[in-house]
Amino acid sequence: MNTTPWRRDGSPAAPITQARTGLSQDVRGRQRRYVVAMLVRSACVVLMALTWNRWPVLAVCALVGGVAIPYVAVVAAQAGWRQQRGPRHALAKVQEEPAVRVPLEPTLILPPEHNTAA
């Protein structure tokens, strides 16, 4: 039994579970992830400052984390929206006609005339 008789194309409607989140929700989530990453980076900088003389290996690890976290946070924040878009539909291939080649005729280039009459 057809539950939606008014649909002509017969394609089923997309279930709500497959719908992507709204742009405002996505931006809010990316902002939260970025703020959390920056808080972790700040903790790394403070940890580095506190452990520089006593545990230099830990301080260097915290320094590396403080340098690498912003890059990773930006890449992760930008990748979020692309992952939710789903598969791309195949684009229709455009049949390009080969360009018509017009043969050029050879031209004769004459030197400029010199007027000697004054």
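Residues numbered from 1 in each chain as written. Predicted model: local features only at pLDDT ≥ 70, side-chain atom pairs only at ≥ 80, totals over all residues. Heavy atoms only, no water.

(A) Region of interest: the overall build of the protein. Scanning the protein for helices and strands turns up two helices and zero strands. For the protein, buried positions account for 15% of its 118 residues. Long-range contacts, defined as pairs at least 24 residues apart, comprise 69% of the intrachain contacts of the protein with a sequence gap of at least 6. On the protein, roughly 11500 Å² of surface is accessible, and the fraction owed to carbon and sulfur atoms is 62%. (Helix = DSSP H or I, 4+ residues; strand = E, 2+ residues; numbered from the N terminus. Buried < 20%, exposed > 50% of the residue type's maximum accessible area, 1.4 Å probe, protein only. Contact = heavy atoms within 4.5 Å. Areas by Shrake-Rupley, 256 points an atom, 1.4 Å probe, with all protein chains shown as cover.)

(B) Structural detail: the side chain of Arg30. The topology assignment puts Arg30 in helix H1 (residues 23-51). Leaving out residues up to four positions away in the same chain, Arg30 has contacts with Ala77 and Gln78.

(C) Structural detail: the environment of Leu47. Tracing the backbone through its elements, the reader meets Leu47 in helix H1. Distance from Leu47 to Cys61, taken between C-alpha atoms, is 9.7 Å for residues 14 residues apart in sequence. If we ignore the near neighbours within four places in the chain, the residues touching Leu47 are Leu58 and Ala62.

(D) Summary view of the environment of Leu58. Among the secondary structure elements, Leu58 is positioned in helix H2 (residues 56-84). Taking the C-alpha atoms as reference points, Leu58 and Leu47, separated by 11 residues in sequence, lie 8.4 Å from one another. Once you skip the residues sitting within four places of it in the chain, Leu58 turns out to touch Leu47 and Thr51.

(E) Representation of the state of the cysteines in the model. What the rule picks out here adds up to zero disulfides. Between Cys44, a cysteine without a disulfide, and Cys61, which holds the nearest cysteine sulfur, the sulfur-to-sulfur distance is 9.8 Å. (Disulfide = S-S within 2.5 Å.)

(F) The arrangement of the nonpolar core in detail. Counting eight residues, the largest nonpolar core consists of Ala37, Met38, Cys44, Met48, Ala59, Ala62, Ile69 and Ala73. For this core, the secondary-structure elements that each account for two or more residues are H1 and H2. Apart from residues no more than four positions distant in its own chain, Ala62 is found in contact with Cys44, Leu47 and Met48. (Core = buried A, V, L, I, M, F, W, Y, C linked by side-chain atoms within 4.5 Å.)

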